[in-house]
Amino acid sequence: YRLFRVALARRMLQGADRLVFVSESFRQDVLRVTPFDIGRSCVIHHGVADFFRDTSSGPPLPVNLRNRPFILGVSTVAPHKNYRSLFEAFSLLVRRGMELDLAIVGGIRSHQYQHIMTEACKLGLADRVHFLGVIDHSLLPVLYRACQVFVFPSLVESFGLPLVEAMAAGAPVLASNLPVCREMCIDAAQY
């Protein structure tokens, strides 16, 4: 099935009149594995909704995050999102006495939840890690504005929309040192 998909993708790329990529980094990644005329392509970055810039109050924070400083991660929980490294780094902060919680927004499958919570328990973080799951989009700007820092520890990305959302909402950003993260954030983040 994978070989079929790769062959089909190559044929579609070669036959397309124009190719649009969400980032230059992603275009270069595709160019390395699939030869095509780069002149037939362009990059159009995703945009961000205006309500991320709106500083009005919005919906209230979830009860478990009120009156507690927290670090925020936004993405589907999957191995390439690198939550294991985030948990290890977060545990170092906790051991140094920092009074912080970690809030994670995004979808998670039950087997992944069990695995990641086992990891959190091993590190002594179970009471400080809050999985909010998939939430109403109107709550995202509120979370970005309330967090101490937004973290994006991903190992692989084609764009990284939460980076753009967090910056639009005014959150400090800590991102993986990936070419795509540097392309999106330039000097507005720590890597």
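Residues numbered from 1 in each chain as written. Predicted model: local features only at pLDDT ≥ 70, side-chain atom pairs only at ≥ 80, totals over all residues. Heavy atoms only, no water.

Enquirer: What is the right way to read the overall build of the protein from this model?
Expert: The secondary structure content of the protein amounts to seven helices and seven strands. Each helix and strand of the protein, ordered N terminal to C terminal, gives the series α-β-α-β-β-α-β-α-β-α-β-α-β-α. Seen through its C-alpha atoms, the protein measures out along the principal axes to roughly 55 × 40 × 30 Å. Residues classed as buried in the protein amount to 43% of the 191 residues present. Pairs at least 24 residues apart make up 63% of the contacts formed inside the protein by residues separated by at least 6 positions. Split by element, the accessible area of the protein, about 10800 Å² in all, is 57% carbon and sulfur. Side-chain charges in the protein split into 20 positive and 16 negative, and the spacing between the mean points of these groups amounts to 6 Å. (Helix = DSSP H or I, 4+ residues; strand = E, 2+ residues; numbered from the N terminus. Buried < 20%, exposed > 50% of the residue type's maximum accessible area, 1.4 Å probe, protein only. Contact = heavy atoms within 4.5 Å. Areas by Shrake-Rupley, 256 points an atom, 1.4 Å probe, with all protein chains shown as cover. Lys, Arg positive; Asp, Glu negative; His and termini not counted. Charge placed at Lys NZ, Arg CZ, Asp CG, Glu CD.)

Enquirer: Looking at this model, I keep getting lost on the side chain of Arg128. Mind explaining?
Expert: Among the secondary structure elements, Arg128 is positioned in the loop between helix H4 (110-122) and strand S5 (129-133). Here Met98 takes part through its backbone oxygen, which lies 3.0 Å from a polar atom of the side chain of Arg128. At 3.4 Å, the side chain of Arg128 forms a polar contact with the backbone oxygen of Leu100. (Polar contact = N/O pair within 3.5 Å; in protein donor to acceptor, adjacent residues only side chain to side chain.)

Enquirer: Just to check I follow, could you spell out the sheet that holds strand S7 (residues 173-175) for this structure?
Expert: Sheet strands associate in pairs through backbone hydrogen bonding, adopting either a parallel or an antiparallel arrangement. Here we have five strands laid out as an open sheet, ordered S5-S4-S3-S6-S7, and parallel in their pairing. The open sheet is flanked by S5 and S7, the only strands paired with a single partner. Between one strand axis and the next, the sheet turns through 25° on average, direction left out of account. Pairing between strand S3 (residues 70-74) and strand S6 (residues 149-152): three bridges, direction parallel. Opposite Gly73, over in S6, you have Val151 as the bridge partner. Relative to S6, helix H6 (residues 161-169) is tilted by about 165°, and along the sheet it contacts S3, S6 and S7. (Pairing = 2+ DSSP bridges. Axes fitted to C-alpha atoms, helices over the stretch in contact; angles between N-to-C directions.)

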